[in-house]
Amino acid sequence: MNTEQELKQFQERIDNGEKIEPKDAMPERYRKQLIRMMSQHAHSEIVGMLPEGNWITRAPSLKRKMVLLAKVQDEAGHGLYLYSATETLGARRQDLVEDYLYGSAKYSSIFNYPTLTYADICVIGWLVDGAAIVNQTMLAKSSYGPYARANLRICKEESFHKKQGYEMLAKMASGTPEQQKMAQDAVNRWWWPTLMMFGPHDSDSPNSAELIRWGVKTKTNDELRVHFVDRMVMEAEAIGITLPDPDLRYNEETGHWDFGLIPWDEFWSVVKGDGPMNRERIRARRHAYEEGAWVREAATEYARKQRLRAEKAS
Amino acid sequence: MSSNDSTEWPLWEVFYQPKNGKPFEHAGSLHAPDAEMALLNARDTYARRNEGIAIWVVPSDQITASTPEDAGPFFDPANEKPYRHPQFYSVPRAVKKRS
Ligand SMILES: [Fe+2]
Ligand SMILES: [Fe+2]
């Protein structure tokens, strides 16, 4: 499907708000862009378990431990919904996974920052899951049916992620002076990397226009970021947290909050692999994949033997 | 240590019944070595919050689906049978008002 006529028909379907389903005709580039974007999203959910997993054994109470376990398990689920949605495009799961473990596939840079204290866990829930909600709410309307449905399922779970983080952060922010300091310090470290989660400015994001034209995304990176900042300014104020940006100012004209310059140099260096935790993350993921190989093989072998036994008995 | 041989578990489609009395819905798919594991994985992946009260798992390669290219002719006959719909029939006015 690549003739002028077919591309036009496809664009018409998109413009009419129709959903594209796995077996439908689609431009090769649409398929490729979706595989790239959806698998990156899936990898991010999986890597995203690591920074928080780091604190499961040291949660401050049994309640917080159960909450964190449930949240991290959800993130595994998100990764699985997204991998299975990507497979509907004809990609093989194993190839997708190996392309990021041993190849060049990317995942969200936010997970290349370390979690230094438990306040980081609060802030990840509030800011990182908060940003993920903004992004995924948009993606739940994506033109590709399986991707939209996977995001819808994800969105239903994310509000718990954000709320548990925000609740904990509010508690810390009104706690002892030490706790307040921890909370503020974590916000200071995560604020800018979270703003980068929405991706480069529209002017520096060559993929963005195409993805919007195809209805994969319906809003630009900058639109999503502004929406997020507006909300977070309000939520920060409500719990006595200061956002680390002296240039934050309400703009009467636009009705939005203006913010300072995002440190893009840092963003690109993390994307290229030089963030504080890039190497550690990939090492941990490879370790899990390789150490788990025998389990996968054993289960396959067990299933084969069971099948043989059943055949013999019948 | 990249492996290119297919050691991947087979793919299964997952359906669940959201509530008693409701029809089954497609949830998504997953990989599992056998039916028993597919059921357990389906519960952990797609029903962590009681989204379903019953689950079906079906090997993906066992599903036969209509194709989008044939969708037109395939469903066409239905268009020619308006008499299958209640709007096709007229009813005395007096009765109409009461419904
Ligand atoms: Fe997630
Ligand atoms: Fe989340």
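Residues numbered from 1 in each chain as written. Chains lettered and ligands numbered in written order. Predicted model: local features only at pLDDT ≥ 70, side-chain atom pairs only at ≥ 80, totals over all residues. Heavy atoms only, no water.

Turning next to the confidence of the model for chain B. Residues at a pLDDT of 70 or more form 91% of chain B, whose mean pLDDT is 88. The ipTM assigned to the predicted complex is 0.89, against a pTM of 0.93. (pLDDT = per-residue confidence, 0-100.)

Moving on, we get to unusual backbone geometry. Positive phi, normally seen in glycine, also occurs at Asn50 of chain B, with a value near 55°. Assignment of secondary structure puts Asn50 of chain B in the loop between α1 (35–46) and β3 (54–59). (Helix = DSSP H or I, 4+ residues; strand = E, 2+ residues; numbered from the N terminus.)

A word on the side chain of His161 of chain A. Residue and element names in this part refer to chain A. Examined against the element boundaries, His161 turns out to sit in helix α7 (residues 145–173). Judged by its relative accessible area of 0%, His161 is buried. Among the polar contacts made by the side chain of His161, one reaches the side chain of Asp74 at a distance of 2.9 Å. In this structure the side chain of His161 is engaged in a polar contact, spanning 3.3 Å, whose partner is the side chain of Asp129. (Buried < 20%, exposed > 50% of the residue type's maximum accessible area, 1.4 Å probe, protein only. Polar contact = N/O pair within 3.5 Å; in protein donor to acceptor, adjacent residues only side chain to side chain.)

Our focus in this paragraph is the packing of aromatic side chains. Working definition: an aromatic ring pair is given by the centre-to-centre distance plus the angle between the planes. Residue and element names in this part refer to chain A. Under the criterion given, the structure shown has 18 aromatic pairs over all chains. Note on Tyr100 and Tyr107: the rings are 6.1 Å apart at their centroids and 75° apart in plane angle, and the pair reads as edge-to-face. Pair check on accessibility: Tyr100 and Tyr107 agree, each one buried. Seen in terms of ring centroids, Trp126 and Tyr166 are 5.8 Å apart; in terms of plane orientation they differ by 20°. Their pairing is stacked. Remark: Tyr166 occurs in helix α7 and Trp126 occurs in helix α6 (residues 118–139); sequence separation between them is 40 residues. Among the aromatic residues, those joined into a ring-pair cluster are Phe10, Tyr30 and Trp214. The ring of Trp55 has Arg58 lying over it, and the distance from NZ or CZ to the ring centre is 4.0 Å. For the cation-ring pair, Arg213 lies above Trp214, with the distance from its terminal atom to the ring centre recorded as 5.6 Å. (Phe/Tyr/Trp six-rings, centres within 6.5 Å; stacked < 30°, edge-to-face > 60°. Lys NZ or Arg CZ within 6 Å of the ring centre and 35° of its normal.)

Right, let's get into the interface of chain A and chain B. Taken together, the contacts link 26 residues of chain A with 26 residues of chain B. Here chain A packs against chain B, burying approximately 2200 Å² in sum over the two surfaces, 43% of which is carbon and sulfur. When the buried area of chain A at its contact with chain B is split by residue, Lys23, Gln94 and Arg153 of chain A rank highest and sum to 25% of it. Scanning the region where chain A abuts chain B turns up four salt bridges. The partner of Arg49 of chain B in a salt bridge is Asp74 of chain A, and the shortest N-O contact between them spans 2.4 Å. For the interface between chain A and chain B, the tally reads 13 residue pairs in polar contact (both at pLDDT 80 or more). Counting only elements with at least two residues in the side of chain A that touches chain B, the list comes to α4 (62–87), α5 (93–101), α7, α12 (278–291) and α13 (293–313) of chain A. Take the side of chain A that touches chain B: its biggest share by element is seven residues, from α4 of chain A. Residues of the side of chain A that touches chain B, tallied by class, amount to nine nonpolar, five polar and twelve charged. (Contact = heavy atoms within 4.5 Å. Buried area = accessible area lost by both parts, 1.4 Å probe. Salt bridge = Lys/Arg side-chain N within 4 Å of Asp/Glu carboxyl O. Nonpolar A, V, L, I, M, F, W, Y, C, P; charged D, E, K, R; others polar.)

Note that His287 of chain A resides in helix α12. His287 of chain A sits 138 residues away from Arg149 of chain A along the chain, and the two C-alpha atoms are 31 Å apart.

Angles at a metal have ideal values that depend on geometry: 109.5 degrees with four tetrahedral donors, 90 or 180 degrees with six octahedral donors. Residues and elements named next belong to chain A. For the iron ion (ligand 1), every protein donor is listed as Glu45 (OE), Glu75 (OE), His78 (ND1) and Glu158 (OE), and the spread of their distances is 2.1 to 2.7 Å. Classification of the site at the iron ion (ligand 1) as irregular follows from its four donor atoms and the range of 83 to 151° in their angles at the metal. Linear spacing of the donor residues for the iron ion (ligand 1) on their chain is E-x29-E-x2-H-x79-E. Residue class for His78 comes out buried when judged on its relative accessible area of 0%. (Donors = N, O, S within 2.8 Å, 3.2 Å for Na, K, Ca; no water. Tetrahedral: all angles 85-135°; square planar, octahedral: opposite > 155°, others 65-115°.)

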